[in-house]
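Observations on chain architecture
Letter by letter, the chains look like this.
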2 protein chains.
Amino acid sequence: MPTLPPAKIGVPVSEIDTPALIVDLDALTRNLEMMATLVRRFGVRLRPHAKTHKSPIIAARQIALGAVGVCCQKVSEAEALIAGGVGDVLVSNEIVGARKIARLAHLARQARIGVCIDQADAIPLLADAAERAGSQIDVLIEVDVGARRCGVAPGRAAGQLAAQIGRSAHLRFAGLQAYHGAAQHFRSPDERRSAIDAAKAGVIETVRHLADAGLACETITGAGTGTFEIEGRSNIWNEVQPGSYVFMDRDYAKNTLADSAAAFDHALFVLATVMSTALPDQAVVDAGHKALSNDSGFPAVWQRPDIGYHRPSDEHGVLTLADGAPRLAWGEKVLLIPGHCDPTVNLYDWYVGVRGLGTPAAHVEALWPIPARGAVT
Amino acid sequence: MPTLPPAKIGVPVSEIDTPALIVDLDALTRNLEMMATLVRRFGVRLRPHAKTHKSPIIAARQIALGAVGVCCQKVSEAEALIAGGVGDVLVSNEIVGARKIARLAHLARQARIGVCIDQADAIPLLADAAERAGSQIDVLIEVDVGARRCGVAPGRAAGQLAAQIGRSAHLRFAGLQAYHGAAQHFRSPDERRSAIDAAKAGVIETVRHLADAGLACETITGAGTGTFEIEGRSNIWNEVQPGSYVFMDRDYAKNTLADSAAAFDHALFVLATVMSTALPDQAVVDAGHKALSNDSGFPAVWQRPDIGYHRPSDEHGVLTLADGAPRLAWGEKVLLIPGHCDPTVNLYDWYVGVRGLGTPAAHVEALWPIPARGAVT
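Just so you know, these numbers come straight off a predicted model, no measurement behind them.

What counts as what
- Residues numbered from 1 in each chain as written.
- Chains lettered and ligands numbered in written order.
- Predicted model: local features only at pLDDT ≥ 70, side-chain atom pairs only at ≥ 80, totals over all residues.
- Helix = DSSP H or I, 4+ residues; strand = E, 2+ residues; numbered from the N terminus.
- Rg over C-alpha atoms; globule rule 2.2 N^0.38 Å.
- Buried ≥ 20, exposed ≤ 12 C-beta atoms within 10 Å, placed from the backbone.
- Contact = placed C-beta atoms within 7 Å.
- Axes fitted to C-alpha atoms, helices over the stretch in contact; angles between N-to-C directions.
- Parallel < 35°, antiparallel > 145°, perpendicular 65-115°, else oblique.
- Left-handed = near helix turned anticlockwise from the far one by under 90°.
- Nonpolar A, V, L, I, M, F, W, Y, C, P; charged D, E, K, R; others polar.
- Least-squares fit on C-alpha atoms with pLDDT ≥ 70 in both.
- Expected span 1.5 Å × (residues − 1).
- Pairing = 2+ DSSP bridges.
- Core = buried A, V, L, I, M, F, W, Y, C linked by C-beta atoms within 7 Å.
- Arc of directions from axis to C-beta.
- pLDDT = per-residue confidence, 0-100.
- Domains from an automatic or database assignment.

**A closer look at the overall build of chain A**
A count of helices and strands for chain A gives 10 helices and 17 strands. In summary, chain A has a C-alpha radius of gyration of 22 Å against a globular reference of 21 Å for 377 residues, a match within 12%. Counting only C-alpha atoms and orienting by the principal axes, one finds that chain A spans roughly 70 × 45 × 35 Å. Taking all 377 residues of chain A together, 58% fall into the buried category. Within chain A, contacts between residues at least 6 apart in sequence are counted, and of these 67% link residues at least 24 apart.

Below you can see the structure in the form of structure tokens.
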């Protein structure tokens with residue numbers, strides 16, 4: 001039941017039905033290439049997080065630029081990515097439930113699959129499912145390096161889990177998942193560095209315990225768009241998982257950068273139309289909660305700092321103008337920079353890829369389905 | 001690209017893959033019947049808002065119980081509902097853009113279609129499209145009765161628009177859309193009554209202007225789950241548009257009721273699984289922003305007031321326990337009452353209809369697709 005694509009190939013932006021999820025194809029390419037270049041310099045592996053884009057087409061571009069594979073969070077995302085041709089997927093999350101684990105084990109027949117655990121109970125379930133499927137699964141132990149969500153405490157616990165993993169011929173202890181989600185959005189470089197320094201200490205302690213137990217730790221993976229340069233240069237992490245860099249959202253753009261080469265561009269927009277100018281001091285657009293995830297703040301209007309977005313309801317948003325700002329016309333289109341890209345992408349069936357966005361020649365060049373949209377299980 | 005259904009017919013709740021959107025079929029039936037009974041007593045028409053459920057299956061049940069048709073907000077929602085067999089749809093919203101208006105006019109060949117306007121520019125565009133499609137569209141004028149979103153001011157403006165509508169043989173002036181969205185969520189009965197009393201004064205003034213211009217106002221429609229009893233008894237509105245009553249969400253349950261017969265039950269839940277108990281003072285569930293729309297507050301845990309839901313991220317939510325509350329086990333399932341039903345439904349491809357929810361015999365009885373999910377255009 002996907003919805004119809006909101007435009008045809010070749011049409012100008014004015015002919016795209018709204019709200020629509022727009023990808024600036026030029027900015028996307030710049031972002032993909034910049035990340036590939038930066039991570040190559042660090043000498044670590046790049047495994048971008050596909051939870052952001054949910055698209056095997058974008059994953060293929062990342063892999064063509066040197067990524068070893070991708071991450072995702074859900075088995076159903078992995079199913080969509082592997083069906084689209086991705087051959088190496090790390091589910092950087094705990095998977096619980098017999099039906100899901102059986103699906104994961106089945107996927108491991110078709111692609112290299114990794115998954116995270118933080119609890120011993122998961123190990124026999126994974127082992128049994130992989131045995132039944134005749135597959136092998138890489139298992140990483142998630143360590144809580146400060147996000148206080150999932151993950152064992154740094155130190156001894158990981159050693160005990162790793163030893164148990166090794167007892168099944170269908171599981172392989174592959175390393176540590178050490179991702180500090182909250183730190184990605186700390187605004188100052190000092191806060192981010194301090195959080196990742198603390199995470200690093202926890203990882204070092206955990207690796208020492210593993211070594212004491214005679215266990216090698218092949219992969220230490222983690223990091224996001226907000227901190228990947230710190231982990232990338234750490235000499236501890238050997239794989240980074242940034243996701244949002246492909247699109248950049250308004251929230252990430254609030255991070256203050258310093259000593260950073262990571263100047264990613266906004267490449268994702270929601271195109272909206274002014275549908276009412278009945279009240280003189282505002283313009284109502286056709287993009288509300290069902291078109292934008294507002295969990296990390298409201299969108300900004302592209303290149304119009306004199307316009308604010310307010311009071312979203314399910315299908316409406318209210319734009320207010322600063323004093324003296326040119327009024328918006330009924331039917332006019334505006335580009336909104338989402339507050340948070342991942343859950344905004346999750347609201348759409350199609351990317352509308354635009355070439356030359358912001359120029360008079362701007363036109364629709366690509367319509368990409370989003371097969372891992374809604375992939376919650 | 002719909003995702004696979006998260007369960008099979010007949011299985012117990014424990015075998016549903018999570019997160020999943022659960023409908024308590026018993027509670028749904030009670031809600032549908034209660035609304036039909038109440039509105040029949042008022043002697044007004046019931047036109048439920050399908051923006052809540054997005055399902056022609058539920059719309060058919062509403063119509064079987066006496067509803068004259070349904071409302072929705074988007075052309076693509078109307079397309080999905082009409083494809084599913086609904087014969088009378090009011091798009092209770094302004095539709096802007098040539099492509100959308102052409103689609104709307106085409107739909108009017110297959111079903112009775114109404115649409116709202118608040119601006120004269122819309123009239124020739126609708127008339128031309130309906131002429132090209134060989135169809136007729138009912139046009140309602142939206143009056144801003146206090147929500148300060150779309151709609152003309154009460155009074156003279158509607159008369160001018162109505163006269164213009166009447167000039168096209170393909171359009172028919174059908175009445176007024178007078179919906180006070182904000183008032184639905186005012187917590188006290190007095191606040192809600194006072195807001196709708198003010199709205200009523202605006203409608204009466206507008207109807208008087210129309211009458212002065214010799215224009216009859218066949219339909220006066222509006223109202224939602226929070227206020228429909230007030231409009232229903234007003235002797236002004238002759239049609240009500242409640243939507244959320246089918247499911248009830250946590251936000252609506254915060255409204256204080258008085259002199260109200262409208263005791264709807266929670267019929268919509270997100271089933272989630274405890275995926276990590278690594279930290280002793282919390283349990284992490286597999287339902288975050290992609291499983292719940294948190295725009296109107298976080299979910300409650302069904303029948304467990306001693307558990308709080310906090311700190312959602314995209315794929316995780318954190319449950320914290322009150323002192324002395326029984327701990328949640330790894331792998332345990334919990335039912336969450338969404339903060340806001342409409343945008344939460346928008347995140348799923350499937351309703352999992354459960355019979356006997358909360359009893360030992362609870363099992364999956366129905367899997368209903370949600371064809372207007374993601375219907376944003």
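**Topic: the packing of helix 6 (residues 156-165) of chain A against helix 7 (residues 189-212) of chain A**
Residues and elements named next belong to chain A. Axis separation between helix 6 and helix 7 bottoms out at 8 Å; the angle between their running directions is 45°. When the interaxial angle is binned, helix 6 and helix 7 end up oblique. Every pair of crossing elements has a handedness; the one defined by helix 6 and helix 7 is right-handed. The residues of helix 7 that touch helix 6, namely those facing R156, A158, G159 and A162, are T206, H209 and L210. Here the contact of helix 6 with helix 7 is composed, by residue class, of three nonpolar, three polar and one charged.

**Examining the relation of the copies chain B and chain A**
Overlaying chain B with chain A gives an RMSD of 0.0 Å, the required rotation being 180° about an axis along which the chain moves by 0.0 Å. A rotation of that kind, with that shift, is consistent with a two-fold axis. Taken together, the interface assignments show that 100% of the residues at the interface of chain B recur at the interface of chain A, consistent with an identical surface on both copies.

**Comments concerning helix 7 (residues 189-212) of chain B**
All names here are of chain B. Relative to the 34 Å expected for 24 residues at 1.5 Å per residue, helix 7 spans 34 Å between its end C-alpha atoms, a close match to the ideal helical length. Of the positions making up helix 7, those classed as buried are R192, A195, I196, A199, K200, G202, V203, T206, V207 and L210. Positive backbone phi, at 80°, marks G214, one or two positions downstream of helix 7.

**Overview of the sheet that holds strand 8 (residues 219-222) of chain A**
Ordered by their spatial adjacency, eight strands build an open sheet running 2-9-8-7-6-5-4-3 (chain A), and the pairing between neighbours is parallel. What marks the edges here is a single partner per strand, and that holds for strand 2 (45-46) and strand 3 (70-72) of chain A.

**Re the pairing of strand 1 (residues 20-24) of chain B**
Residue and element names in this part refer to chain B. Strand 1 sits mainly inside the fold: five of its five residues count as buried. On strand 1, burial covers both faces: A20, I22 and D24 on one face and L21 and V23 on the other are all buried. For strand 1 and strand 10 (residues 268-276), the ladder comprises four bridges, and the chain directions are antiparallel. When the sheet's bridge partners are listed, I22 is paired in strand 10 with F269. Bridge count for strand 1 against strand 16 (residues 350-355) is four bridges, and the pairing is parallel. Paired with D24 across the two strands is V354, which belongs to strand 16.

**What to know about unusual backbone geometry**
With omega at -10°, the peptide bond leading from T18(A) into P19(A) counts as cis. With respect to the secondary-structure elements, P19(A) resides in the segment before strand 1 (20-24). With phi around 60°, K54(A) is a residue other than glycine that occupies positive phi space. For K54(A), the position within the fold is in the loop between strand 2 and helix 2 (56-64). Judged by the 24 C-beta atoms lying within 10 Å of it, K54(A) is buried. Its identity is not glycine, yet M248(B) carries a phi of approximately 55°, on the positive side. Positionally, M248(B) belongs in the loop between strand 9 (239-240) and helix 9 (250-253).

**Digging into the nonpolar core**
Burial of nonpolar side chains together is a common tendency in soluble globular proteins. With 248 residues, the main nonpolar core has L81(A), V352(A), L81(B) and V352(B) as its most contacted residues. Once you skip the residues sitting within four places of it in the chain, V352(A) turns out to touch P6(A), A7(A), I16(A), A20(A), L21(A), I22(A), V23(A), V364(A) and L367(A).

**Here we look at the interface of chain B and chain A**
By a widespread convention, an interface's size corresponds to the accessible area lost as its parts come together. The partner chain A presents 59 residues to the 59 residues of chain B that form the contact. Put simply, the parts of the chain that give the side of chain B that touches chain A at least two residues each are strand 4 (88-94), helix 4 (98-107), strand 10 and helix 10 (341-345) of chain B. By residue class, the composition of the side of chain B that touches chain A is 21 nonpolar, 20 polar and 18 charged.

**What about helix 2 (residues 56-64) of chain B?**
Residue and element names in this part refer to chain B. Here helix 2 has its buried residues at P56, I58, A59, Q62 and I63. Projected onto a plane normal to the axis of helix 2, the buried residues spread over an arc of 155° and lie on a single side. Looking at the packing, one finds that the buried side of helix 2 touches helix 1 (25-42), strand 3 (70-72) and helix 3 (75-83). Downstream of helix 2 by one or two residues, G66 has phi in the positive range, about 120°.

**Some details on the environment of F269(B)**
Residue and element names in this part refer to chain B. Relative to the helices and strands, F269 resides in strand 10. When the C-alpha atoms of F269 and L335 are compared, they prove to be 5.9 Å apart, with 66 residues separating the residues in sequence. When residues no more than four places from it in sequence are discounted, the contact partners of F269 are I22, W302, L335, L336 and I337.

**Things to note about the pairing of strand 10 of chain B**
All names here are of chain B. The element strand 10 is largely enclosed, with a buried count of nine among its nine residues. Where strand 10 meets strand 15 (residues 333-337), four bridges bridge the pair, whose relative direction is antiparallel. Its bridge partner being in strand 15, A272 is matched across the sheet by V334.

**Here we look at the confidence of the model for chain A**
Looking at chain A as a whole, the pLDDT averages 96, with 99% of positions reaching at least 70. Interface confidence for the predicted complex, expressed as ipTM, amounts to 0.96; the pTM equals 0.97.

**Quick look at the sheet that holds strand 7 (residues 171-177) of chain B**
What the eight strands build is an open sheet, ordered 2-9-8-7-6-5-4-3 (chain B); its pairing is parallel. Among the strands making up the open sheet, the edge pair consists of strand 2 (45-46) and strand 3 of chain B.

**Some thoughts on the domain arrangement of chain A**
Along its sequence, chain A is carved into domain 1 (13-22 + 264-369) and domain 2 (87-242). The distance between the C-alpha centroids of domain 1 of chain A and domain 2 of chain A comes to 37 Å.

**With respect to the environment of V376(B)**
Residue position: V376(B) is located in the segment after strand 17 (363-369). Taking the C-alpha atoms as reference, V376(B) lies 8.8 Å from Q73(B); in sequence the two are 303 residues apart. Contacts of V376(B), omitting those with residues within four sequence positions, involve P19(A), K290(A), A291(A), K74(B) and S76(B).

**Focus on the environment of H170(A)**
Residue and element names in this part refer to chain A. Checked against the element boundaries, H170 lands in the loop between helix 6 and strand 7 (171-177). Expressed as a C-alpha distance, the spacing of H170 and Q110, which sit 60 residues apart in the sequence, is 15 Å. Beyond its immediate stretch of four places on either side in the chain, H170 contacts A127, A130, E131, S135, Q136 and I137.

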